[in-house]
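Structural overview
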Amino acid sequence: MSRSKALAVKYLAAAVLFFGVMTLAGLLSATYYINPDFLFGYLHFSTAKILHIDTMIIWLLMGFMGAVYWFLPDEFGCEPAGIAAAEILFWVFVAAVLVVAAIFLFVQWGPAIESTLWLFQQGRKYVEAPRWAAIGIAAVMLVFAWNVIGTALKAHRITGLMAVMSVNMVPLVLLYLIALPKIDNMAVDLYWWWWLVHLWVEATWEILISCIMALTIMRLLGTSRRIVEGWLYIEISLVLGTGILGLGHHYFWIGTPDYWLGIGGFFSALEPLPLLGMVVHAVYDAGVHRMRTTNRPAFYWTLAEAFGNFLGGGVFGFMITLPQLNLFAHGTQWTVSHGHFAFWGAYACGVLSVCYIALQEQRRLATVDGPGWIWAFVLLNGGLVGMVGSLLIAGMAQAFFERAIGGSTLDAFIAGQENPWFRLGIYSRFGFGLMFAAGYLTLAWNLLAVGRQQSAAVARAVPAE
Amino acid sequence: MSPPALLLTSLSLGLMVLAAGAYALLYGIGRLKNSRALLIAAACAYGLLALDAAVLVQAAPLGQAWKLLIAASALAYLRIPPLTWWYLQRTHRDEGAHT
């Protein structure tokens, strides 16, 4: 196995590990809603939530990096440029994440002085990591970008797919730099912070996962590069065309000028359109190949990606994206519901698909199948759909009772939190969270165990090269 | 916007995209299997979408520009599945001719 693929396996393993940490932190966060006294004085809800959302970013990012390192040598026919630096930075990355997690757990915050930003945390959602860690992540991203772009230069050839990915590396690195400056004005800070959060997630990450899924489809179904690249260009044009100015839906209520209401609402309303094309494409690919593949889990996770993206991003997003409705829904469990579904559909399913592809090649399996992945697939997707459904009920109750009827007063907030519909949603979210956690454990076990006996048999039959 | 209108408008918007998804799914499977029944079901799903959009345009407490956007989106949803299908078939056919 090439050094790049060995590194990919490490990144994918770390991604699955942090996926587990994210799940555990999510369960902890859900517990506080049922029992607000939980771990009182030891671990605040805010810390559990930080761990939940930050590890979500980290595991997906590591998953993307693993996927890219996996496909890179096949695309260029050589080891990536700067692979030695990438190998070192993997351990730096993992160590930094662990140290930051330990700081969040045991130190949590510092005095309101500059050194707190450098040493403990920056207090900005999703990018709470202290500056030393943010600089480290920027260095990892920079080397990652060089691994892709430098390899294209080294190989003296480039495919359309890799050209898209190479260009995408520039905003991927540059946008992350917004995690570093301290801006005192909160409206200005949020204005730029959304460039990082939204444009990473709904622009650069979308392109990255589109490239990864294109490579996945080529590998899984044998679809030709020409077809995949043609579709990739269309999809990226549509996603960027709607997604970049769709940024405006985050500018509705942070103190930006009124014109963002129109811009954000208009472009966000167009965002489901390309997702509909993806649904048709998924049906076409699945049908033309008659669902035949040597790697069923990877194939089904790819399908889950197309449908999950449509439902989570398209349906759940469109319910709250117009400013008249967003006025009541933003900051409630309703947006949490959309966020969970969209991240799961758009990114998580794709990363899990690549995990199974890498596993098949690494263990030299002719086929990947069996009941384990089906259990994991059903429990994870069932748990996720149950959670987002529960959060939708809770969020609608908040928007209805607390915002629309109660007028967003403190009393109305308390009444909203005590409303039976809200409580029902919060309790059932916890129940489905447990189901999701069971799905994670099944997935982890399946990834460890699948094909072990089969590959051991192959190894016995074929002596080591 | 009144509290009931908030929920009804939001749910109607969600239903519109959901119906679009059902239309796309049924259209795709119907074309794959050459099934008239599935294509009729796809048309029904689009009918639901169009009806939902009409109700939104008629009754939702939204401004004229937003209603125009909803109506235009409903028309765009009608064309996306056939256009995507046509494009996919064409690229696969061309690919077959090249190989």
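Up top is the structure.
Residues numbered from 1 in each chain as written. Chains lettered and ligands numbered in written order. Predicted model: local features only at pLDDT ≥ 70, side-chain atom pairs only at ≥ 80, totals over all residues. Heavy atoms only, no water.

Re the overall build of chain B
For the record, the criterion: Going along the chain from the N terminus, every DSSP run of H or I of four or more residues is numbered as a helix, and every run of E of two or more is numbered as a strand. Throughout, radius of gyration means the C-alpha value; the globule benchmark is 2.2 Å times the number of residues raised to the power 0.38. Any residue under 20% of the maximum accessible area for its type is buried, any over 50% is exposed, and the rest in between are partly exposed; the area is computed with a 1.4 Å probe on protein chains only. Calculation of accessible area relied on Shrake-Rupley with a 1.4 Å probe; when residues are assessed, cover is drawn exclusively from the protein chains displayed.
Secondary structure summary: chain B contains 3 helices and 0 strands in total. What you see in chain B, going N to C, is helices and strands ordered as α-α-α. Relative to the 2.2 N^0.38 estimate, which gives 13 Å for 99 residues, the radius of gyration of chain B is 17 Å and therefore markedly larger than a compact globule would have. Taken over the C-alpha atoms alone, chain B extends approximately 60 × 25 × 15 Å along its principal axes. Each of the 99 residues in chain B was classed as buried or not, and the buried ones make up 45%. Here chain B displays about 5000 Å² of accessible surface, and carbon together with sulfur accounts for 68% of that area.

A few points about the overall build of chain A
Where we set the bar: A contact between two residues is defined here by any heavy atoms of the two lying within 4.5 Å. As used throughout, the charge tally considers Lys and Arg to be positive and Asp and Glu to be negative, leaving His and the chain termini uncounted. A charged residue contributes its charge at one atom only: NZ of Lys, CZ of Arg, CG of Asp or CD of Glu.
The number of helices and strands found in chain A is 17 helices and 0 strands. For chain A, the C-alpha radius of gyration of 22 Å lies close to 23 Å, the compact-globule estimate for 465 residues. In terms of overall dimensions, chain A has a C-alpha envelope of 70 × 45 × 45 Å along the principal axes. Looking at the 465 residues of chain A, the share that counts as buried comes to 60%. Taking all contacts inside chain A whose residues are at least 6 apart in sequence as the whole, residues at least 24 apart take part in 82%. Accessible area of chain A: about 18300 Å², with a carbon and sulfur share of 72%. One finds the centroid of the 23 positive side-chain charges in chain A at a distance of 10 Å from the centroid of its 24 negative side-chain charges.

Brief notes about the environment of Leu 7 of chain A
Residue and element names in this part refer to chain A. Tracing the backbone through its elements, the reader meets Leu 7 in helix 1 (residues 3-34). Using a relative accessible area of 1% as the deciding quantity, one classes Leu 7 as buried. Beyond its immediate sequence surroundings of up to four residues, Leu 7 is in contact with Tyr 69, Ile 83, Ala 86, Glu 87 and Phe 90.

Points about the interface of chain B and chain A
Note the following rule: Accessible surface is computed with a 1.4 Å probe, and the buried area is the amount of it that two parts give up when combined, taken over both parts together. Just to be clear on terms, a salt bridge is a Lys or Arg side-chain nitrogen sitting within 4 Å of an Asp or Glu carboxyl oxygen. Under this definition, polar contacts are N or O atom pairs within 3.5 Å; protein pairs additionally need one hydrogen-donor-capable and one acceptor-capable atom, and for neighbouring residues in sequence, both atoms have to be side-chain atoms.
Counting residues at the interface gives 38 residues for chain B and 43 residues for chain A. For the pairing of chain B and chain A, the buried interface totals around 3600 Å² over both sides, and the portion due to carbon and sulfur atoms is 83%. By the criterion of area lost to chain A, the three top residues of chain B are Leu 6, Trp 66 and His 92 of chain B, representing 17% of everything that side buries. For the pair chain B and chain A, the number of links is 0 salt bridges. If you look at where chain B meets chain A, you find 1 residue pair in polar contact (both at pLDDT 80 or more). Elements supplying a minimum of two residues to the side of chain B that touches chain A: helix 1 (3-33) and helix 3 (64-98) of chain B.

Quick notes on the packing of helix 14 (residues 371-405) of chain A against helix 16 (residues 420-449) of chain A
Residue and element names in this part refer to chain A. Using the following cut-off: Throughout, an axis means a line fitted to C-alpha atoms (over the contacting stretch in the case of helices), and angles, computed between N-to-C directions, take values from 0 to 180 degrees. Orientation labels follow simple angle bins: below 35 degrees gives roughly parallel, above 145 gives roughly antiparallel, 65 to 115 gives roughly perpendicular, and whatever is left gives oblique. A clockwise turn of the near helix away from the far one marks a right-handed crossing, whereas an anticlockwise turn of less than a right angle marks a left-handed crossing. Put simply, Ala, Val, Leu, Ile, Met, Phe, Trp, Tyr, Cys and Pro go in the nonpolar bin, Asp, Glu, Lys and Arg in the charged bin, and everything else, Gly too, in the polar bin.
Running from N to C, helix 14 and helix 16 cross one another at 160°; their axes reach a closest spacing of 7 Å. In terms of axis orientation, helix 14 runs roughly antiparallel to helix 16. Crossing of helix 14 over helix 16 shows left-handed handedness. Of the residues contributing to the contact of helix 14 with helix 16, the split by class is 23 nonpolar, 12 polar and 1 charged.

Points about the side chain of Thr 321 of chain A
Residue and element names in this part refer to chain A. Residue placement: Thr 321 occurs in the loop between helix 11 (296-318) and helix 12 (323-329). Residue classification places Thr 321 among the buried positions, given a relative accessible area of 6%. Among the polar contacts listed, one links the side chain of Thr 321 to the side chain of Ser 268, at a separation of 3.4 Å. Filtering out sequence-adjacent residues up to four positions away, Thr 321 remains in contact with His 249, Phe 252, Gly 265, Ser 268 and Ala 269.

Section: the packing of helix 1 of chain A against helix 3 (residues 83-106) of chain A
Packed helices, taken two at a time, are described by their axes: the angle between them and the distance between them. Residue and element names in this part refer to chain A. It is at 10 Å that the axes of helix 1 and helix 3 come closest, and there the two elements cross at 10°. In terms of orientation, helix 1 lies roughly parallel with respect to helix 3. Both helix 1 and helix 3 take part in a crossing whose hand is left-handed. Residues Arg 3, Ser 4, Leu 7, Lys 10, Tyr 11, Ala 14 and Phe 18 of helix 1 lie in contact with helix 3, whose contacting residues are Ile 83, Ala 84, Ala 86, Glu 87, Leu 89, Phe 90, Trp 91, Phe 93, Val 94, Val 97 and Leu 98.

A short note on unusual backbone geometry
Positioned with a positive phi, Arg 364 of chain A is a non-glycine residue whose angle comes to about 50°. Along the chain, the position of Arg 364 of chain A falls in the loop between helix 13 (333-362) and helix 14. When its relative accessible area of 48% is taken as the criterion, Arg 364 of chain A is described as partly exposed. Here the phi dihedral of Asn 34 of chain B falls at roughly 50°; this positive angle occurs in a residue that is not glycine. Topologically, Asn 34 of chain B is positioned in the loop between helix 1 and helix 2 (36-59).

Description of helix 13 of chain A
Residues and elements named next belong to chain A. Counted only if it meets this: The span you would expect from a helix comes to 1.5 Å times its residue count less one. Two axes enter the definition of the bend at a residue: one is fitted to the seven residues ending there, the other to the seven starting there, and the bend is the angle between them.
The end-to-end C-alpha distance of helix 13 is 41 Å, a good match for the 44 Å that 30 residues give at a rise of 1.5 Å each. Along helix 13, the sharpest kink reaches roughly 40°, centred on Trp 344. Most of helix 13 is tucked away: 23 of the 30 residues are buried. The positive-phi residue at the C-terminal boundary of helix 13 is Arg 364, with phi of around 50°.

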